[in-house]
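Secondary and tertiary structure notes
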Amino acid sequence: MDNSTLEEAKRLLGSCSSREIVSYCIIAFFSWYSLVLVYRLTIHPLRRYPGRISERLTDWPLVWYCIKGNRHVKQLLAHEKYGPIVRDGPNSLSFRSPEALKAIYGNNAHVKKGDWYLTLDISAGAPSVQMVIDQHQHALRRRVMSPAFSEKGLRDAEPLINATARKLCDRMTEELCRKGDWSIGFDLQQWVAYYGYDFISDLAFGRSLELIDCEDNRFVAPTLRSASKFLYYVGYLPFAALVRPLMGTSAQNYFPGQSAKDSLKYTNLANSRLAERIEREKKRKAGGGGAERKDTFHYLLNSKDPMTGKEFTVEELQADTSLLIAAGSDGVTLATCALLFYALQQPQIMHKLTTEIREAFPTWQDVRTPKLNGLKYLHACIEESLRLAPPKPSSLPRIVLPGGTEIEGQYIPAGTTVGVSHYVIHRNEDIFPQPNTFRPERWIVGDGVSAEQLAAQKRAFCPFGIGPMNCIGRNTAYLATKLVLAHLLWQFDFKIDGKLLGGGGRDLEEGRKDETEYQMYDWIIGFPNGPMVQVRSRV
Ligand code: HEM
């Protein structure tokens, strides 16, 4: 712009009242935004892909779904209506096939994690492993973390998790049961969540958060649920980059809604637990480094990358603390409760599963690996539960790198957000016949299932994600889920209390009407309610 044009602009502005200037700005903004909307529908590179008009125009529906917790439900309905590829944002595509899964999340995928990850655990002041977007940095971080999740790490973890599962049964007997009689009805999800937090905190920093034992500590469960909700939608706000620098500061207390405050409360709790753990480690080393229980932070505080010698910073450890508690606890809770929700509706499944466990372990003291891992029906029930209620139900966003990529034979341009929702692919009828039925037998070869069918199912089964950024705690998750189920079903008979709770309902939104389907509220992790059960202790 030359000087005379600038002078002219100043002269024009000078002759306008402030009211007129504001009006012109508003008109300019709306004209520009209208052009953007027209562009998105007409000449945008993704214009030919079908989807809801509101989602093709703006990202605001996504933010709303994240607040409501129904993003996975909306994704399934969209695929049912529009087919295998859906445009679920102005710049975003959703897929539902195993080929797309591999192309987007597999080892050779030409993508990076979406910016949404930058908002997760931001409060800690450093990224957690899950937030690291650069693939090489991420691989480095994983390498330093991996001893904690090695086979040896898992062997060390088993007695700790086992003791917590046992404690859950003891406490449930004391608090809920009358001798030889059925207990009062209670929401099983709440008790299993206490187990989830206790085992993961015990495992992570050698000191449990003690939700099972202490009612005063049970605020942690709703606080994390609320914090998750906040982090989920904030990360998808179209202006998230402006909000990020304020997160983790006291400014967060002034954000609207309780969930922002809860997010800060949760971070502070995780950080204080870590500080305490670091102190213990220092004392241990000062005292000559004697034996200490091998919790996850034993490994993290003493690990160095074998190739670069890198150690974790305190901020990185803080971020991983928040991540581990959230990632470890709620997934196991959901897998356990979904399984019991479905099995309780089909007595023959409940009977078969309970018999397998009770025959394998004559006393509760016998519940342990390797026998536990040999229980085929238990494993199949867990797979089926993770299929129908995958704890990360919606798409984990990935962005196509420069040069573009090919997915399902389509050229997808650079910068496009792509993803496969676990909830949607797990209900792909071409791979999982009668997808809404809980049928553990589909995971066992024989009885109508061929080895080829099983292999095809496994290619589409992804509750832990696939590829280099998948769940590092997968084996721990299976162990913790198997241990708690084995102890619960060994110790208690179960029955439904009145109305099962946790399923859909005719008064709920479209996609949530099926009373036999366990409902999740997707706030990064799927949060359930129920089932309402009664138990009777056998001993
Ligand atoms: C049934 C239980 C679980 C399920 C279904 C599950 C699922 C997942 C998924 C899908 C991811 C990838 C997330 C993403 O890319 O955004 C993930 C990441 C992660 N999970 Fe799990 N998880 C479970 C339990 C656990 C447990 C018990 C632990 C810890 C002991 C754990 C630790 C982690 C960590 C540290 C990451 C980040 C890994 C990385 O970014 O490299 N998870 N999990």
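Just so we're clear, the structure is a prediction, and the values are computed from it rather than from any experiment. (Residues numbered from 1 in each chain as written. Predicted model: local features only at pLDDT ≥ 70, side-chain atom pairs only at ≥ 80, totals over all residues.)

**Side note on the overall build of the chain**
Within the chain one finds 19 helices and 12 strands. Taken over C-alpha atoms, the radius of gyration comes to 25 Å for the chain, in line with the 24 Å a tight globule of 539 residues would show. When its C-alpha atoms are laid out on the principal axes, the chain stretches across 90 × 60 × 45 Å. The long-range fraction of contacts in the chain, counting pairs at least 24 apart against all pairs at least 6 apart in sequence, stands at 75%. (Helix = DSSP H or I, 4+ residues; strand = E, 2+ residues; numbered from the N terminus. Rg over C-alpha atoms; globule rule 2.2 N^0.38 Å. Contact = placed C-beta atoms within 7 Å.)

**Examining the site of the ligand**
The full set close to the ligand counts 24 residues, and Gly328, Gly331, Cys471, Gly473 and Ala477 are the nearest of them. Counting residues per element, the ones that place at least two in the shell around the ligand are helix H14 (314-345) and helix H19 (474-491). Looking at the shell around the ligand element by element, the count peaks at seven residues for H14. (Near = placed C-beta within 6 Å.)

**A few points about the sheet that holds strand E4 (residues 186-187)**
Pairing is antiparallel in the open sheet, where three strands are placed in the order E4-E12-E9. The open sheet has two free edges, formed respectively by E4 and strand E9 (492-496), since each of these has just one partner strand. (Pairing = 2+ DSSP bridges.)

**Some remarks on helix H5 (residues 71-82)**
Between its terminal C-alpha atoms H5 stretches 16 Å, which fits the 16 Å expected from 12 residues at 1.5 Å a residue. Taken together, the buried positions of H5 are Arg71, His72, Val73, Lys74, Gln75, Leu76, Ala78 and His79. Contacts made by the buried residues of H5 are with helix H4 (60-68), strand E1 (86-89), strand E2 (92-95), helix H17 (422-425) and strand E10 (521-523). (Expected span 1.5 Å × (residues − 1). Buried ≥ 20, exposed ≤ 12 C-beta atoms within 10 Å, placed from the backbone.)

**So, the nonpolar core**
Core analysis: the largest hydrophobic core is formed by 104 residues, its most contacted members being Leu168, Tyr195, Tyr197, Ala338, Leu339 and Val484. Not counting chain neighbours up to four residues away, the residues in contact with leucine 168 comprise Trp191, Tyr194, Tyr195, Ile212 and Val484. Judged by nonpolar contacts, the second largest core, of 26 residues, contains Val86, Ala100, Ile407 and Cys462. (Core = buried A, V, L, I, M, F, W, Y, C linked by C-beta atoms within 7 Å.)

**What to know about the pairing of strand E8 (residues 417-420)**
By the alternation rule, side chains of E8 split into Thr417 and Gly419 and Val418 and Val420, which are all buried. Across four bridges, E2 lies against E8 in parallel orientation. Each bridged residue has a counterpart across the sheet, and for phenylalanine 95 the counterpart in E8 is valine 420.

**Notes on the confidence of the model for the chain**
Caution applies to low-pLDDT parts of the model: their predicted coordinates are not meant to be read in detail. In the predicted model, the chain carries a mean pLDDT of 90, and 97% of its residues have values of at least 70. The ipTM value of the predicted complex is 0.98, and its pTM value is 0.92. (pLDDT = per-residue confidence, 0-100.)

**Focus on the UniProt feature "binding site: heme" (unreviewed entry) in the chain**
In the UniProt entry, the feature "binding site: heme" (unreviewed entry) is given for Cys471. Judged by local crowding, cysteine 471 falls into the buried class, with 20 C-beta atoms found within 10 Å. For cysteine 471, the contacting residues outside a window of four places in its chain are Phe464, Gly465 and Ala477. (UniProt positions renumbered as here; feature names shortened; annotations may be inferred.)

**Quick notes on H4**
Helical periodicity: at 3.6 residues per turn, an α-helix aligns residues three or four positions apart in one direction. Burial in H4 covers these residues: Leu62, Tyr65 and Cys66. The arc that holds the buried residues of H4, viewed along the axis, is 100 degrees, so those residues lie on one side. Considering only its buried residues, H4 is in contact with H5, E1 and helix H10 (220-236). Just downstream of H4, glycine 69 is the residue with a positive phi angle, here 80 degrees. (Arc of directions from axis to C-beta.)

**Thoughts on the UniProt feature "transmembrane region" (unreviewed entry) in the chain**
Annotation from UniProt places "transmembrane region" (unreviewed entry) at residues 21-42. The distance separating the terminal C-alpha atoms of residues 21-42 is 31 Å; by composition the span is 100% helix and 0% strand.

**A few points about the sheet that holds strand E3 (residues 111-113)**
Spatially, the five strands line up as an open sheet ordered E1-E2-E8-E5-E3, and their pairing is mixed. Each of the sheet's edge strands pairs with one partner strand only, and the pair in question is E1 and E3. Strand-to-strand twist of the sheet, defined as the mean angle between neighbouring strand axes without regard to direction, takes the value 35 degrees. Packing of helix H6 (residues 98-105) onto the sheet brings it into contact with E2, E3, strand E5 (398-400) and E8, and relative to E8 it is tilted by some 130 degrees. (Axes fitted to C-alpha atoms, helices over the stretch in contact; angles between N-to-C directions.)

**Here we look at the pairing of strand E12 (residues 532-537)**
Bridge count for E4 against E12 is two bridges, and the pairing is antiparallel. Of the residues in E12, the one forming a bridge with aspartate 187 is methionine 532. Sheet topology note: the E9/E12 ladder contains five bridges and is antiparallel. Paired with lysine 495 across the two strands is glutamine 534, which belongs to E12.

**Description of the packing of helix H8 (residues 151-176) against H19**
Each pair of packed helices can be summarised by the angle the axes make with each other and by the distance between the axes. Two elements in contact, H8 and H19, have axes separated by 9 Å at closest approach and are oriented at 35 degrees. Handedness of the H8/H19 crossing: right-handed. Counting all contacts with H8, which are made through Leu154, Ala157, Glu158, Ile161, Asn162, Ala165, Arg166, Leu168 and Cys169, the residues of H19 involved are Asn475, Thr476, Leu479, Ala480, Leu483, Val484, His487, Leu488 and Gln491. Residue composition of the contact of H8 with H19, grouped by class: 11 nonpolar, five polar and two charged. (Left-handed = near helix turned anticlockwise from the far one by under 90°. Nonpolar A, V, L, I, M, F, W, Y, C, P; charged D, E, K, R; others polar.)

**Thoughts on the environment of aspartate 59**
Looking at where aspartate 59 falls in the secondary structure, it is placed in the loop between helix H3 (53-57) and H4. Once the C-alpha coordinates of aspartate 59 and glycine 196 are considered, the two residues, 137 residues apart in sequence, prove to be 34 Å apart. Setting aside its immediate chain neighbours within four residues, aspartate 59 contacts Gly89, Pro90, Tyr236 and Pro238.

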